[in-house]
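Close look at the chain arrangement
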Amino acid sequence: MRKGLALLVAILCYFCTYSQEANEDSRIPDFVVTPRFDANPYAPIKGGYSGFDFGNSSLYTFLDGSVGDFSYSLCNHWVSTDTAALYQNAFRSDDVDFIDWLTLSYQVGQFGFTVGKDMLAIGTCELDYYDVDVHTNLVSPFWHKIAIYQWGGEVNFTTKDEGTLLRFQFGTSPFGERPFASKLFVYSLYWSGEYGCFSPIWSTNFVEYERGRFLNIIALGNSFSVGDFTIEVDYMNRASSLKKFFDQEWSVGAQLLYNYQDKVEAFVKGGYENYRSDLFGYEDEIFIPTDHTLCPKYWYAGCGIHYFPLRESRDLRLHAVAAYNSFANSVSMTFGATYHFNLTQTILKHKKR
């Protein structure tokens, strides 16, 4: 891992050193290092779970740039609260590994083409956040269990005013063990846009869980902005057959966020999920209450605050979050910090001095 980071830094320094000699079609890549640290104690309620963990503590790097008409993006997840699994799961499609995404894109007018490993085009506000920014005790079981990063490609179309994005995506299925070798795939149609105060993220996805058998996901993310307030409402339906199509698996979630001068964010969030236990492995002990009975219904709620102490920058975020869920039957109190360190900008500022 250290050798890989050293190589990325060396490449970045090379681009910065020779940037003045680069042709007009080249651009210095952005290289961002993002560590996060959480302290997360639990207070039980009537025999619920008690303990302590490190929440969403992690280390990510982001590399973005372009060469001529091509652009590339790489996100690595180097460290987590279960770091060994990131490397043991390398190149599997049924779990996450140390490569979140690795894409190469080409734009022709209003049409775009992307190949590589990318996030499945599932349209909810919850899934639209970067993983490193998410508070894991305040998200749905689906967020936890879906292996969202898969290999494949897409064709997309953006309107001239850039207000609407349409995507058709083909990728490997999270129900397979190995990309392509399992011969299970995902087909997705995705629509997002900005229309005044309303920003939708909608999709329909056909996820192959056995050869020729598909799980249909309808995901409807809706964001409304009014002044300093943002309201996000998600709905998702998952069905493997037409019978009782809207009564198999479904979830709803909502968040109300208040932004004060880009320095402080306060939010409340909650959600409810009704699921079939065998679909995504929800029988995992994480989602079993302390009495060890399997519950097909799950709800969570909480609130939190984000503070950005740096002047004219949101790179450093301090956060405090309280969350409750019906399985653990406890309240977690997460205190932590996330820092997006842009190494490219730091090197360029140093060169100008």
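As a starting point, this report considers the structure included with it. (Residues numbered from 1 in each chain as written. Predicted model: local features only at pLDDT ≥ 70, side-chain atom pairs only at ≥ 80, totals over all residues. Heavy atoms only, no water.)

**Concerning the overall build of the protein**
Of regular secondary structure, the protein possesses five helices and 18 strands. In the protein, buried positions account for 45% of the 353 residues. Excluding contacts between residues fewer than 6 apart, the proportion of contacts in the protein whose partners are at least 24 apart in sequence is 54%. For the protein, the exposed surface amounts to about 18600 Å²; the carbon and sulfur share of it is 61%. (Helix = DSSP H or I, 4+ residues; strand = E, 2+ residues; numbered from the N terminus. Buried < 20%, exposed > 50% of the residue type's maximum accessible area, 1.4 Å probe, protein only. Contact = heavy atoms within 4.5 Å. Areas by Shrake-Rupley, 256 points an atom, 1.4 Å probe, with all protein chains shown as cover.)

**Describing the side chain of E273**
On the secondary structure map, E273 appears in strand β14 (residues 264-274). Engagement of the side chain of E273 in a polar contact is seen with the side chain of R238, the distance being 2.7 Å. (Polar contact = N/O pair within 3.5 Å; in protein donor to acceptor, adjacent residues only side chain to side chain.)

**Focus: the pairing of strand β15 (residues 297-307)**
Of the two faces of β15, the one lined by Y298, Y300, G302, G304 and H306 is fully buried and the one lined by K297, W299, A301, C303, I305 and Y307 carries no buried residue. Of the pairings in the sheet, the one linking β14 to β15 comprises eleven bridges and is antiparallel in character. Counted as the bridge partner of N274 is K297 from β15. Examined bridge by bridge, β15 and strand β16 (residues 316-325) share eight bridges and lie antiparallel to one another. Each bridged residue has a counterpart across the sheet, and for G302 the counterpart in β16 is A323. (Pairing = 2+ DSSP bridges.)

**Things to note about the packing of aromatic side chains**
Scanning the model with the defined rule gives 27 aromatic pairs in all. Taken together, a centroid distance of 6.4 Å and an interplanar angle of 25 degrees make the contact between W78 and F98 stacked. In this pair, W78 sits in strand β4 (residues 70-79) while F98 sits in the loop between α2 (83-88) and β5 (99-108), placing the two residues 20 residues apart along the sequence. The pair formed by W78 and F98 is uniform in burial state, with each residue classed as buried. An aromatic cluster is present here, built from Y60, F62, W101, Y130 and Y149 joined pairwise through their rings. The side chain of R167 reaches across the aromatic face of Y190, ending 4.6 Å from its centre. In this structure, R314 is placed above the aromatic ring of F308, and the distance from its NZ or CZ to the ring centre is 4.0 Å. (Phe/Tyr/Trp six-rings, centres within 6.5 Å; stacked < 30°, edge-to-face > 60°. Lys NZ or Arg CZ within 6 Å of the ring centre and 35° of its normal.)

**Some remarks on the nonpolar core**
Within the largest apolar cluster, 23 residues are counted, with the highest numbers of intra-cluster contacts made by F62, I122, L127, F142, I148, I217 and M236. Taken together, the elements giving at least two residues each to this core come down to β3 (58-67), α4 (141-145), β10 (198-210) and β11 (213-226). Here this core gets three residues from one element, more than from any other, and that element is β11. In this view, M236 contacts I122, T124, F142, I217, I218, A219, E249, W250 and S251; residues no more than four positions away in its chain are not counted. The next biggest cluster of nonpolar side chains, apart from the first, holds eleven residues, and it includes L63, L74, W78 and L86. (Core = buried A, V, L, I, M, F, W, Y, C linked by side-chain atoms within 4.5 Å.)

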